[in-house]
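A look at the structure
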Amino acid sequence: MKKATRNSYGEILEEIGKDENIFVVDADLSSSTKTGMFQKLYPERFVNVGIAEANMVGIASGIASTGKTVFASSFAIFLTGRAYDSIRQSVAYNNSNVKLVSTHAGLSASQDGATHQMIEDISLMRTMPNMRVFVPSDDKSTKAIIKLLVQDEKPAYVRLSRTETENIYDNINEDVFKLGSSYTHGMGRDFGIIACGETVSMALEAKERLKQEKIEVRVLDMYSIYPIDEENILKTARECDNIITIENHSIRGGLYSSVCEVLCKYYPKKVYKIGMNSFGKSGKDTDVFKYFKITSDALVKKIKDIIYD
Amino acid sequence: MRKEVNKKIDNQKNKKLEKEANNIRKRVVDMVYTAKSGHIGGSLSSAEIASTLFFHTMNYKEYLKDLSSHKRDKFILSKGHASPLIYAILIELGLVDEKEQHLFRNIEGILQGHPDKLSTLGVDYSAGSLGQGLSFATGIGIAYKYEESKGNECGDIYVLIGDGEMQEGQIWEALMAISNFELDNIIIILDKNNIQLDGKTEDIMNIDPIEDKLKAFGYETYNIDGHDIEKLASTFHKIKEDREKLREKKKNSKIKENNIKLKPSFVIANTIKGKGVSFMEDNIKWHGYAPNEEEYNKAMDELKNKK
């Protein structure tokens, strides 16, 4: 069963939307970000500002200042790129109860090409004071994170994708997901693969293939980038021979950097990395990920190269 | 369902508001001088606007003990660098301790260079990056319209913007939205002092003909002398009267496709940058420049001797 996390977002908004304290704002992308699903049910609490992302973020903050919980959405590039200053000043500095939820993360913007493929947003958002960053990997975890965030009144950034991914946690209780935590699949010691978002599905696929070649790996779903699960990263570093990160994001400033920061503090260890080192390109999403070698194939190959080196 | 509008002001009230404006000016000059930093010109140009709003038009004073009430009128200082203005008001109202006046922009004090709502009681928006406050105000307007549709009375939102600030694209995003969403609970005041950091606005990036532009954006416009308190008060009063009439008209109109749109208001307050201190008036130098001791003494003399 495959589903894109942006669709999970639309569904969970429909569910939590009956709370009259919740408002949703969008900037002419509601059918793509799926906030349109909330709009159909609760039009009086939905605001479409047209193609004006900076205004949208300011409006979100203003609505939140009256005591509401506000979800503000757009593509990752326009939300965190174009409206960066509004996020920083009007949301983070004002400590507003605005949950910024983006879709079309990184290469998942696929055919729209490089101008739409945002690969710096994790880096931008995690360095901002008062901002928390979450990158859920599947349907269940996305819904769990959103539901957790509604329980507090602080700013947060949630990065979602257009790529259809496996429903990894269908058989797992959503209580397992906590802000600041992570989820480990397996106990392999040859390699610890740390992933987030759609790369978690890729890592799990790689895990199965590597097992056939007697290479035992574990996969960390690092759905909480800031605050990050330092304990699990350290545990993984201690118990695994090697660590590799894989992200649909620049290799500078995102997941790789976050993991390195933790290890450098407590347990310096070499960390291998897979990610973007240039602007993206237009193509079908599977082709684009393949082109930039952010796939389970590339992960398997890299791990084997390192082990058999 | 809107509450009663203000009565017009008499001579006595006028004098009181002028005195307040003068008090504000004295505090502004004192604050910036002591800090050796701050935006004096653009704070002085809005003194009458602020005095009229806080001590007459808005119901702000009635909610000093209940600032979080939705019924309280909000004031968004979108031109956040005029922070000395709002701080002077908050000190006059007793929300901020007088001793903080000399700790403006000082690491030991609470009064930040640009208003910070988390550290200063009474500030409605942490401003600083021009063009954003109007979007924030738009959000409050939207939430308040929603609340009123549920039968909950809410205050009005007054936004003070600068003419240099109107060069920011985001201002126009917000202006379009406020008009399109018929947010007549937002009253925008433009402190049109014609000067920005690098020079005269007309030389840097002319915003005129501003009234034509605002009318085209769907605003009810008012073009007045921003230092005339009587005019400011009667304009704010007229805005509420006109608004009530239009609301009634829309409500009573039997045809759904009646094309009656509620209109937000925009007051173009023509002002003089640095107003109140003769050598600062209409002078480019005083955008963000602090007076030295001699200039400070001269300024305070003028303000203290004002009749």
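Report on the accompanying structure. All figures in this text were calculated on a predicted structure; none of them were measured in a lab.

Remarks on the overall build of chain A
The helix and strand inventory of chain A stands at 13 helices and 14 strands. For chain A, the C-alpha radius of gyration of 19 Å lies close to 19 Å, the compact-globule estimate for 309 residues. Expressed as a percentage of contacts within chain A between residues at least 6 apart in sequence, the contacts between residues at least 24 apart total 78%. Summing over all exposed atoms, chain A offers an accessible surface of approximately 12000 Å²; the carbon and sulfur share of this is 47%. Within chain A, the 41 negative side-chain charges are centred at a point lying 3 Å from the centre of the 40 positive side-chain charges.

Remarks on the overall build of chain B
Scanning chain B from N- to C-terminus turns up 10 helices and seven strands. Computed over C-alpha atoms, the radius of gyration of chain B comes to 19 Å, within 12% of the 19 Å expected from 2.2 N^0.38 for 307 residues, which places it in the range of a compact globule. If you line up chain B on its principal axes, its C-alpha atoms span 65 × 45 × 40 Å. Here chain B, with 307 residues, has 59% of them falling under the buried criterion. In chain B, the proportion of contacts linking residues at least 24 apart, taken out of those at least 6 apart, comes to 75%. Roughly 13100 Å² of accessible area belongs to chain B as shown, and the carbon and sulfur atoms make up 48% of that amount. Once the 47 positive and 49 negative side-chain charges of chain B are each reduced to a mean point, those two points are 5 Å apart.

Considering the side chain of A:Lys99
Residues and elements named next belong to chain A. Along the chain, lysine 99 turns up in strand 5 (residues 98-103). According to the relative accessible area criterion, lysine 99 is buried, its value standing at 0%. In this structure the side chain of lysine 99 is engaged in a polar contact, spanning 3.1 Å, whose partner is the backbone oxygen of leucine 149. Beyond its immediate stretch of four places on either side in the chain, lysine 99 contacts Thr69, Val70, Phe71, Ala72, Arg132, Leu149, Asp152, Glu153, Lys154 and Ala156.

Points about empty space enclosed by the protein
Considering all chains together, one arrives at two cavities of 30 Å³ or more under this definition. Roughly 60 Å³ of internal volume is contained in the largest cavity. Forming the walls of the largest cavity are 13 residues, and the residues nearest its centre are A:Thr5, A:Pro136, A:Ser161, A:Gly197 and A:Glu198. Residues that form the lining of the largest cavity fall into these classes: five nonpolar, six polar and two charged. In this structure, the second largest cavity is lined by B:Phe75, B:Ile76, B:Leu77, B:Ile86, B:Pro115, B:Gly122, B:Val123, B:Asp124 and B:Tyr125. A per-element tally of the lining of the second largest cavity places strand 1 (residues 74-77) of chain B first, with three residues.

Side note on the sheet that holds strand 14 (residues 271-276) of chain A
Residues and elements named next belong to chain A. Reading across from one edge, 9-11-10-13-14 is the order of the five strands in this open sheet, with mixed pairing throughout. A strand with exactly one partner marks an edge of an open sheet, and here the two such strands are strand 9 (183-185) and strand 14. Each strand axis lies, on average, 20° off the axis of its neighbour in the sheet, ignoring direction. Pairing analysis gives three bridges linking strand 9 to strand 11 (residues 217-221), with the strands arranged antiparallel. When the sheet's bridge partners are listed, tyrosine 183 is paired in strand 11 with aspartate 221.

Things to note about the environment of B:Ser278
Of note, B:Ser278 is situated in the loop between strand 7 (265-270) and helix 10 (293-304). On the accessibility criterion, B:Ser278 (44% relative accessible area) is partly exposed.

Here we look at the packing of helix 3 (residues 47-57) of chain B against helix 4 (residues 83-92) of chain B
Residue and element names in this part refer to chain B. The geometry of helix 3 relative to helix 4 is characterised by a closest axis approach of 11 Å and an angle of 35° between their N-to-C directions. Between helix 3 and helix 4 lies a crossing of right-handed hand. Contacts from Ala47, Ala50, Ser51, Phe54 and Phe55 in helix 3 reach Leu85, Ile86, Ile89 and Glu92 in helix 4. In terms of residue class, the contact of helix 3 with helix 4 is built from seven nonpolar, one polar and one charged.

Some remarks on the layout of surface pockets
There is about 640 Å³ of room inside the largest pocket. As for the largest pocket, its lining consists of 22 residues, of which B:Lys145, B:Glu148, B:Ser149, B:Glu182 and B:Leu262 are closest to the centre. Broken down by secondary-structure element, the contributors of at least two residues to the lining of the largest pocket are strand 3 (46-48) of chain A together with helix 5 (133-149) and helix 9 (229-252) of chain B. Among the residues making up the lining of the largest pocket, the classes are represented as 10 nonpolar, one polar and 11 charged. Within this model, the second largest pocket holds a volume of roughly 530 Å³. If you trace the second largest pocket, you find 21 residues lining it, with A:Lys2, A:Met202, A:Glu205, A:Thr286 and A:Ser296 closest to the centre. If you list the elements that add at least two residues to the lining of the second largest pocket, you get strand 8 (164-166), helix 9 (198-212), helix 12 (285-291) and helix 13 (296-307) of chain A.

A word on helix 10 (residues 230-239) of chain A
Those residues of helix 10 of chain A that sit buried are A:Asn232, A:Ile233, A:Leu234, A:Thr236 and A:Ala237. Tucked inside the fold, the buried residues of helix 10 of chain A contact strand 9, strand 10 (191-195), strand 11, strand 13 (242-250) and helix 11 (255-266) of chain A.

What about helix 11 of chain A?
For an α-helix the count is 3.6 residues per turn, leaving residues at separations of three or four pointing the same way. Residues and elements named next belong to chain A. Over its 12 residues, helix 11 runs 17 Å from end to end, which matches the ideal 16 Å to within 8%, given 1.5 Å per residue. The set of residues buried in helix 11 consists of Leu255, Tyr256, Ser257, Ser258, Val259, Cys260, Val262 and Leu263. Packing partners of the buried residues in helix 11 comprise helix 7 (121-126), strand 10, strand 12 (224-226), helix 10, strand 13 and strand 14.

Side note on the interface of chain B and chain A
Across the boundary between the two partners, chain B contributes 25 residues, which contact 26 residues of chain A. Roughly 2000 Å² is buried in total at the junction of chain B and chain A, and carbon and sulfur atoms are behind 56% of that figure. Summed over the shared surface of chain B and chain A, the number is one salt bridge. A:Lys68 is the salt-bridge partner of B:Glu147, the closest N and O atoms lying 2.4 Å from each other. Our count for the chain B to chain A interface comes out at 11 residue pairs in polar contact (both at pLDDT 80 or more). For the side of chain B that touches chain A, the secondary-structure elements that each account for two or more residues are helix 5 and helix 6 (169-180) of chain B. Looking at the side of chain B that touches chain A, its residues break down into 11 nonpolar, nine polar and five charged.

Some words on the nonpolar core
Counting residues in each nonpolar core, the largest one holds 82 residues, and the members touching the most others are A:Leu100, B:Met166, B:Leu175 and B:Phe266. Considering every element that reaches this core, the biggest residue donor is helix 5 of chain B, with eight residues. Here B:Leu175 is in contact with B:Leu134, B:Met166, B:Ile188, B:Leu214, B:Phe217, B:Tyr219 and B:Phe266, once residues within four sequence places are set aside. Within the second largest apolar cluster, 58 residues are counted, among which are B:Leu44, B:Val123, B:Ala233 and B:Leu303.

Quick notes on the sheet that holds strand 12 of chain A
Residue and element names in this part refer to chain A. As summarised here, the arrangement of the seven strands in space is 3-2-4-5-7-6-12, forming an open sheet in which the pairing is mixed. Looking at strand neighbours, the two that pair on one side only are strand 3 and strand 12, the edges of this open sheet. With six bridges joining them, strand 4 (residues 69-75) and strand 5 adopt parallel strand pairing. Of the residues in strand 5, the one forming a bridge with phenylalanine 71 is lysine 99.

Rules and cut-offs
- Residues numbered from 1 in each chain as written.
- Chains lettered and ligands numbered in written order.
- Predicted model: local features only at pLDDT ≥ 70, side-chain atom pairs only at ≥ 80, totals over all residues.
- Heavy atoms only, no water.
- Helix = DSSP H or I, 4+ residues; strand = E, 2+ residues; numbered from the N terminus.
- Rg over C-alpha atoms; globule rule 2.2 N^0.38 Å.
- Contact = heavy atoms within 4.5 Å.
- Areas by Shrake-Rupley, 256 points an atom, 1.4 Å probe, with all protein chains shown as cover.
- Lys, Arg positive; Asp, Glu negative; His and termini not counted.
- Charge placed at Lys NZ, Arg CZ, Asp CG, Glu CD.
- Buried < 20%, exposed > 50% of the residue type's maximum accessible area, 1.4 Å probe, protein only.
- Polar contact = N/O pair within 3.5 Å; in protein donor to acceptor, adjacent residues only side chain to side chain.
- 1 Å grid on protein atoms, 1.4 Å probe; cavity = no way out; pocket = protein on both sides within 12 Å on 5 of 7 lines; lining within 4 Å.
- Points joined across faces, edges and corners; volume = space filled by probe spheres on them.
- Nonpolar A, V, L, I, M, F, W, Y, C, P; charged D, E, K, R; others polar.
- Pairing = 2+ DSSP bridges.
- Axes fitted to C-alpha atoms, helices over the stretch in contact; angles between N-to-C directions.
- Left-handed = near helix turned anticlockwise from the far one by under 90°.
- Expected span 1.5 Å × (residues − 1).
- Buried area = accessible area lost by both parts, 1.4 Å probe.
- Salt bridge = Lys/Arg side-chain N within 4 Å of Asp/Glu carboxyl O.
- Core = buried A, V, L, I, M, F, W, Y, C linked by side-chain atoms within 4.5 Å.

Purely spatial values, then, with no claim about function.
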